[in-house]
Structure formats: C-alpha cells, structure tokens
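Listed here are the chains, written in short residue letters.
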Amino acid sequence: LARHHLAPHRDTVSLAAAQLVVARELGYRSWPVLKAAIEARATTGRQLSSFLAASVDGPLDRAADILRADPTIAVGDLRAAAVLGDAESVRSMVATDPATALAIDDERGWPPLLYACYSRWHQLDPERAPGMAEVVGVLLGAGASPDTNDGGRTRFRSALKGSVEVNNPAVTEVLL
C-alpha cells in the first residue's frame, strides 16, 4: 500500500484504495484501466475461440470474416498460427518454448498438431497448404506424434484422420 498509494496509512483501507494498489502492482495506472484491459482480453479470447472453431469446424467464411476484422488475431497464439499455416510463427513460438508444441488447450483438449491437421484454410486459400504441411513438420520435429489424437472426447479425432477429412494431401504426406 505504501509503495502504490500516496494517501497515509490508516487502520482501514477503502475498496478504491485497494483496487488502485492491485492495479498498480499489475502494471496499470488505475483500476478502470486494469478493468478495461481484462475486458479487452476476454473479448479477444472469445474472438480467438470463434476463429479457431470456424477454422476447424466451419463455416470457414466466418473464420475469414474474423481474420479480416482483426488480422492480428493469430499473433502470439500457436493454435491460430497452426490453423493458418504460418510456419515461421510456429517455429518461433516453439523455439521460444518447446513445451508449447505438445501443450493441450483447455477449450478443446487439443494439442497444436490437431489444429493444423483439421484446419480448412487450404480450401479457402490453396496457397496455405504448403505452410500447413510445414507447420506439421515443425510440430513433429518438436516432439509431437503423428499418432496424436484428442483421446476420444466428443468424437475421436486424430491427426491423420483430420488431414484426410479436410482433404489436405500435403499434411497427410508429412504425417505418413
């Protein structure tokens, strides 16, 4: 409290003073700025979730609309870079933290390899297919298994099954 709040200490601390201290400890100048940042992050998280769902389950035009509205949606997210076939970003993220290549997300229970294998972006933009195959190669090189699957959650999904279902021969070839 002494470090982040200029008012003298009292026996009781107001809610506003406590909120200010929490915000400043987290690097924000005020509680409203912290609250706005959290709300923006939640909105971005929902958009990213919608983007990923549309990229692997459709409708793909919905994914394209989201990407067009926010071209930075894939920045810093390995799953989004994988569905888009952005091999350079995937390579960079995996080099920074190799464990991300195998990390299971909380939402679908999928590792990044399944996102790359179930991505339908090559159907909308065929020039993405080589990048998607390269992403799969990067993830396999980082320890992902070509036998990767989701453990049979709602319905069984595996890397090879995904690449065949979405008709991406380049990805299928890398997996085989």
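For the structure, see preceding data.
Residues numbered from 1 in each chain as written. Predicted model: local features only at pLDDT ≥ 70, side-chain atom pairs only at ≥ 80, totals over all residues. Heavy atoms only, no water.

Helical geometry note: an α-helix holds 3.6 residues per turn, so side chains three or four residues apart project in the same direction. By the burial criterion, the buried members of helix H1 (residues 15-25) are Ala-17, Leu-20, Val-21 and Ala-23. One face of H1 carries all of its buried residues, which in axial projection span an arc of 165°. For H1, exposure combined with an orientation more than 90 degrees from the buried face picks out Leu-15 and Glu-25. Once H1 ends, the next one or two residues include Gly-27, with phi positive near 95°. (Buried < 20%, exposed > 50% of the residue type's maximum accessible area, 1.4 Å probe, protein only. Helix = DSSP H or I, 4+ residues; strand = E, 2+ residues; numbered from the N terminus. Arc of directions from axis to C-beta.)

What follows covers the layout of surface pockets. Quantified by volume, the largest pocket comes out at close to 160 Å³. For the largest pocket, the full set of lining residues is Gly-76, Asp-77, Leu-78, Arg-79, Met-93, Thr-100, Ala-103, Ile-104, Asp-105, Trp-110 and Pro-112. In terms of residue class, the lining of the largest pocket is made up of 6 nonpolar, 2 polar and 3 charged. (1 Å grid on protein atoms, 1.4 Å probe; cavity = no way out; pocket = protein on both sides within 12 Å on 5 of 7 lines; lining within 4 Å. Points joined across faces, edges and corners; volume = space filled by probe spheres on them. Nonpolar A, V, L, I, M, F, W, Y, C, P; charged D, E, K, R; others polar.)

Turning our attention to a nonpolar patch on the surface. On the surface, a cluster of nonpolar side chains totalling about 270 Å² of accessible area is made up of Val-22, Leu-26 and Trp-31. Mapping Val-22 onto the fold places it in helix H1. The class of Val-22 is partly exposed, set by a relative accessible area of 38%. (Patch = residues over 30% accessible without salt bridge, like charges linked within 9 Å, V, L, I, M, F, W, Y side chains within 5 Å. Areas by Shrake-Rupley, 256 points an atom, 1.4 Å probe, with all protein chains shown as cover. Salt bridge = Lys/Arg side-chain N within 4 Å of Asp/Glu carboxyl O.)

Let's shift gears to the packing of aromatic side chains. The full count for this structure, using the stated rule, is 3 aromatic pairs. On the basis of an interplanar angle of 40° and a centroid distance of 6.0 Å, the ring pair of Phe-51 and Trp-121 is categorised as tilted. You can see Phe-51 sitting in helix H2 (residues 31-57) and its partner Trp-121 sitting in helix H7 (residues 121-124), a full 70 residues away along the chain. In this structure Phe-51 comes out as buried when scored by relative accessible area, which is 0%. Residue classification places Trp-121 among the buried positions, given a relative accessible area of 4%. Each ring, one from Trp-110 and one from Tyr-118, has its centre 5.3 Å from the other, and the planes form 40°; the classification is tilted. A relative accessible area of 3% means that Trp-110 is categorised as buried. (Phe/Tyr/Trp six-rings, centres within 6.5 Å; stacked < 30°, edge-to-face > 60°.)

The amide bond that connects Gly-58 to the next residue, Pro-59, takes the cis arrangement and shows omega of -5°. With respect to the helices, strands and loops of the structure, Pro-59 is situated in the loop between H2 and helix H3 (60-69). Even without a glycine there, the phi angle at Asn-167 is positive, about 60°. Within the secondary structure, Asn-167 is located in the loop between helix H9 (159-165) and helix H10 (169-175).

Close contact between helix H5 (residues 87-96) and helix H8 (residues 129-141) brings their axes to 9 Å; oriented N to C, the two are set at 15°. Here H8 runs roughly parallel to H5, going by the angle between their axes. Considering the relative orientation of H5 and H8, their crossing is right-handed. Across from Ala-87, Val-90, Arg-91 and Val-94 in H5, the residues of H8 making contact are Gly-131, Glu-134, Val-135, Val-138 and Leu-139. Across the contact of H5 with H8, the residue classes tally to 6 nonpolar, 1 polar and 2 charged. (Axes fitted to C-alpha atoms, helices over the stretch in contact; angles between N-to-C directions. Parallel < 35°, antiparallel > 145°, perpendicular 65-115°, else oblique. Left-handed = near helix turned anticlockwise from the far one by under 90°. Contact = heavy atoms within 4.5 Å.)

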